[in-house]
Amino acid sequence: MYVCLCKGLTESDVREAGRQGCLTTRQIIAEFGLRENGCCGRCAKNIHELVSLAKSQLERACHKPVSS
Ligand code: FES
């Protein structure tokens, strides 16, 4: 699914950026140049929601009891 129409960014691109170390909305916006001329910035809210969701999933995974 497309997250940013101006740059043709997909959800997968954002997830991959997270795996490469872009862990905040600000870092992802900078990484993909979403503040450059010609970009509208409307995707920032969606990117923020993706980052928040990924962080909450990670927190839940880290607190999950280990089964034996
Ligand atoms: S939709 Fe992402 S900068 Fe326009």
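Residues numbered from 1 in each chain as written. Predicted model: local features only at pLDDT ≥ 70, side-chain atom pairs only at ≥ 80, totals over all residues. Heavy atoms only, no water.

J.: Can you walk me through the overall build of the chain in this structure?
T.: Within the chain one finds three helices and two strands. Taken from the N to the C terminus, the helices and strands of the chain come in the order β-β-α-α-α. The C-alpha radius of gyration of the chain comes to 14 Å, more than 25% above the 11 Å expected for a compact globule of 68 residues. In terms of principal-axis extent, the alpha carbons of the chain reach across some 55 × 20 × 15 Å. Every one of the 68 residues in the chain was classed for burial, and the buried ones make up 24%. Considering only contacts within the chain whose residues lie at least 6 apart along the sequence, 46% involve residues at least 24 apart. Counting only carbon and sulfur atoms, one obtains 53% of the accessible surface of the chain, whose full area is about 5,300 Å². Across the chain, the 10 positively charged side chains and the 7 negatively charged ones have centroids separated by 5 Å. (Helix = DSSP H or I, 4+ residues; strand = E, 2+ residues; numbered from the N terminus. Rg over C-alpha atoms; globule rule 2.2 N^0.38 Å. Buried < 20%, exposed > 50% of the residue type's maximum accessible area, 1.4 Å probe, protein only. Contact = heavy atoms within 4.5 Å. Areas by Shrake-Rupley, 256 points an atom, 1.4 Å probe, with all protein chains shown as cover. Lys, Arg positive; Asp, Glu negative; His and termini not counted. Charge placed at Lys NZ, Arg CZ, Asp CG, Glu CD.)

J.: When you look at the pattern of salt bridges in this model, what are you seeing that I'm missing?
T.: If the charged atoms of two oppositely charged side chains come close together, the side chains can form a pair. The final tally for this structure, using the stated rule, is four salt bridges. Residue glutamate 16 pairs with arginine 19 through a salt bridge whose shortest N-O separation is 3.2 Å. Taken together, the residues span about one helical turn, with glutamate 16 and arginine 19 both in helix 1 (residues 11-19) at a distance of three residues. Residue classification places glutamate 16 among the partly exposed residues on the basis of a relative accessible area of 35%. Between glutamate 49 and lysine 45 there is a salt bridge, and its shortest N-O distance comes to 3.6 Å. On the criterion of helical spacing, the pair formed by glutamate 49 and lysine 45 is a turn pair, its members being four residues apart in helix 3 (residues 44-62). Classification of lysine 45 by relative accessible area gives exposed; the value is 59%. (Salt bridge = Lys/Arg side-chain N within 4 Å of Asp/Glu carboxyl O.)

J.: Is there a simple way to think about helix 3 in this case?
T.: It helps to recall that an α-helix has 3.6 residues per turn; residues three or four apart then point in one direction. Its 19 residues place the ends of helix 3 27 Å apart at the C-alpha level, agreeing with the 27 Å of an ideal helix rising 1.5 Å per residue. Along helix 3, the residues classified as buried are Ala44, Ile47, Leu50 and Val51. Projected onto a plane normal to the axis of helix 3, the buried residues spread over an arc of 125 degrees and lie on a single side. In helix 3, those exposed residues whose orientation departs by more than 90 degrees from the buried face are Lys45, Glu59 and Arg60. Residues of helix 3 that are buried sit in contact with strand 1 (2-4), helix 1 and helix 2 (25-31). (Expected span 1.5 Å × (residues − 1). Arc of directions from axis to C-beta.)

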